[in-house]
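# Breakdown of the fold
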Amino acid sequence: MVKRSIKGTFWPKNWVQEYRMTDTVVARSAKLGDSCLQNIPRLLSKEEIRNFSEIDSVKFTAAAVLEFGLVAAAVWMSETWWNPLTYALAVIVIGSRINGLGALMHDAAHYRGYANRQLNDFVGEILALPTSTSMAGYRNSHFAHHRELNSENDPDWQRNLGLKEYEFPAPRTSVLMRTLQYLLGLKTVTAVTGFHKNKDTRDIAVAVARARLFFFAALLVSSIVLGFWKFILLYWIVPLMTVFLAIRYIRSVAEHYAVEHENVLNESRTVVAPFWERWLIAPWGLNYHIEHHLFPGVPCFRLAELHRLLMTRDPYPQIAHVTYGYFSGLLWDCASVRHIEIETAASTL
């Protein structure tokens, strides 16, 4: 199904100033901003938006330290009590924490980590390293995704066109089998090359590209010379290519598939889930995806509070696609034909 883009353009008031300040270091796609071209309902006052958008660098730093600490703890546990079970547990923890670092990198991509943008981008690139991507490249692609939500100009939507695992409705068993393929590393090539072949992803500052190349080259050489290449393989490559990619697949489906596509409030999905599901799949507010698309300037730590407020503001509770649980509600949504019926009916009007 080909999605239509919404015509029109919205430029933030400070766009011209931002363009001039960052002209030499920010790719064109990022300069255009992350404001959706679709009409956004007036759900918050300007004062509420300013309040929700305040950056909390202390929380952001603590969250990053926690994620890296959990990775270190998982490696220590596996090495101290080595057996197949503790290693498998370590892979799950590390893969999910790479996802958590990616979530924080995502906030930095929206300039929500630190008020100082140089510091924000420096830390953001560090957080991005375990995911194998560049924050600057991710920002380019991700801002285009925000502007052109689920349209033919949305790089995320285009990347998944024609892939069987993104065709819905689908039986719940099929969705689970597709997830298992990612978990076993059978979809690694498709998942990795699909993201990195995007021209926006590769459009980053020369200094950033050189720094990343130097880091990965130094890591490879030193791991061989000093003999810790097995640690890199066991505790980074394996979790990255299995658990992380499986989680990213679940999140991708949850965020924009098997929804109605009628309105900006149901072009995305918010998943209200228990703590363990959020910790594993959608840490740091990733489950509140509608809220993020409506107000991308709100840091991840405030999205739950924002969701509760929006549930009291019409027309959000009537239109927003809110699902309860990843391993329950989301699977049910994927097997449902309701969103197909709605789109078919709309196309005949």
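Residues numbered from 1 in each chain as written. Predicted model: local features only at pLDDT ≥ 70, side-chain atom pairs only at ≥ 80, totals over all residues. Heavy atoms only, no water.

### Looking at the nonpolar core
- Of all hydrophobic cores here, the largest spans 42 residues; its most connected members are Ile 94, Phe 168, Tyr 182, Val 253, Tyr 326 and Leu 330.
- Here this core gets 13 residues from one element, more than from any other, and that element is helix H13 (residues 229-256).
- The residues contacting Ile 94, other than those within four sequence positions of it, are Val 71, Ala 74, Val 75, Tyr 235 and Pro 239.
- Counting residues in each nonpolar core, the second largest holds 17 residues, with Phe 52, Tyr 288, Phe 295 and Ala 320 among its members. (Core = buried A, V, L, I, M, F, W, Y, C linked by side-chain atoms within 4.5 Å. Buried < 20%, exposed > 50% of the residue type's maximum accessible area, 1.4 Å probe, protein only. Helix = DSSP H or I, 4+ residues; strand = E, 2+ residues; numbered from the N terminus. Contact = heavy atoms within 4.5 Å.)

### A look at the packing of helix H12 (residues 206-226) against H13
- Two elements in contact, H12 and H13, have axes whose closest approach is 7 Å; the angle formed by their N-to-C orientations is 120 degrees. With respect to their mutual orientation, H12 and H13 come out oblique. Residue-level contacts link Phe 216, Leu 219 and Ser 223 of H12 to Trp 229, Ile 232 and Trp 236 of H13.
- Partitioned by chemical class, the residues of the contact of H12 with H13 number five nonpolar, one polar and no charged. (Axes fitted to C-alpha atoms, helices over the stretch in contact; angles between N-to-C directions. Parallel < 35°, antiparallel > 145°, perpendicular 65-115°, else oblique. Nonpolar A, V, L, I, M, F, W, Y, C, P; charged D, E, K, R; others polar.)

### Observations concerning the packing of aromatic side chains
- Using the criterion set out here, one finds 15 aromatic pairs in the structure.
- On the numbers, 6.2 Å between centres and 50 degrees between planes, the contact of Phe 168 with Tyr 257 is tilted. With Phe 168 in the loop between helix H8 (155-160) and helix H9 (172-183) and Tyr 257 in the loop between H13 and strand E1 (270-272), this residue pair connects regions lying 89 residues apart in the sequence.
- When its relative accessible area of 13% is taken as the criterion, Phe 168 is described as buried.
- Between Phe 216 and Trp 236, the ring centres sit 6.0 Å apart and the planes meet at 0 degrees, which makes this aromatic pair stacked. Here Trp 236 lies in helix H13 and Phe 216 lies in helix H12, a separation of 20 residues in the sequence.
- For Phe 216, a relative accessible area of 24% puts it in the partly exposed group. (Phe/Tyr/Trp six-rings, centres within 6.5 Å; stacked < 30°, edge-to-face > 60°.)

### Description of H13
- With 28 residues, H13 ought to run about 40 Å at 1.5 Å a step, and its terminal C-alpha atoms sit 38 Å apart, in line with that.
- Looking one or two residues past H13, Ala 258 carries a phi angle of roughly 55 degrees, positive in sign. (Expected span 1.5 Å × (residues − 1).)

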